[in-house]
Amino acid sequence: MPETLYTMNIEYDNKVQATFEYSTLPNKYSNKDIVISTGGDIGDRKAAREMINKALINNPDVIVVGGDIVYDDAERSCYFAWDSLLRTFTTSMLLHDRLIPLVFSVGNHDVGLNSLPSRNITLSVEKSPIYM
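Residues numbered from 1 in each chain as written. Predicted model: local features only at pLDDT ≥ 70, side-chain atom pairs only at ≥ 80, totals over all residues. Heavy atoms only, no water.

The next subject is the packing of aromatic side chains. For the structure shown, the criterion picks out four aromatic pairs. For the ring pair tyrosine 79 and phenylalanine 80, a centre distance of 6.2 Å and an interplane angle of 80 degrees mean the geometry is edge-to-face. Here tyrosine 79 falls in the exposed class, since its relative accessible area comes to 53%. Their ring planes at 75 degrees and their centres at 5.8 Å tell us that tryptophan 82 and phenylalanine 104 sit as a pair that is edge-to-face. Of the two residues, tryptophan 82 is situated in helix α2 (residues 79–95) and phenylalanine 104 in strand β5 (residues 102–105); the sequence distance between them amounts to 22 residues. For tryptophan 82, a relative accessible area of 19% translates into the label buried. Of the residues examined, phenylalanine 104 reaches a relative accessible area of 31% and is grouped as partly exposed. In this structure an aromatic cluster arises from ring pairing among Trp82, Phe89 and Phe104. (Phe/Tyr/Trp six-rings, centres within 6.5 Å; stacked < 30°, edge-to-face > 60°. Buried < 20%, exposed > 50% of the residue type's maximum accessible area, 1.4 Å probe, protein only. Helix = DSSP H or I, 4+ residues; strand = E, 2+ residues; numbered from the N terminus.)

Take a look at the structure:
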């Protein structure tokens, strides 16, 4: 339902381990303003953590990250970069008492391509980034 506060329980072994709240966006007939925090090129650095916390002070309805999210260059062995950044978002949101939807768009560092390569790059199905 639009503009509704939901409570979500995470259960394990029949015990509630965590409880979260999140709010859905209003429908197109609502007069409520929608607050969107947006940025990009963040990675999981101190500056990114500070930026996330400052964005949450504005109580956004949605957070949009416009590419170059974790700088993993599509290396499958760098999955921990995603774990780390998502943990930062989750921790910050919990300090603000609610979950906020995240929208990510793909940047060149997310797919392993430099925008100004000094050589031609041919991607194979086996070695191409997960997004491909």
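Under the 1.5 Å per step criterion, the end-to-end length of α2 is 25 Å for 17 residues, consistent within 8% with the ideal 24 Å. Buried within α2 are the following residues: Ala81, Trp82, Leu85, Thr88, Phe89, Ser92 and Met93. Each buried residue of α2 sits inside an arc of 125 degrees when the element is viewed along its axis, so together they form one side. In α2, the exposed positions angled more than 90 degrees off the buried face are occupied by Tyr79, Arg87 and Leu95. Contacts from the buried residues of α2 go to α1 (46–57), β4 (62–66) and β5. At the C-terminal side of α2, aspartate 97 shows a positive phi close to 65 degrees. (Expected span 1.5 Å × (residues − 1). Arc of directions from axis to C-beta. Contact = heavy atoms within 4.5 Å.)

Taken by themselves, the reported measurements are silent on function.
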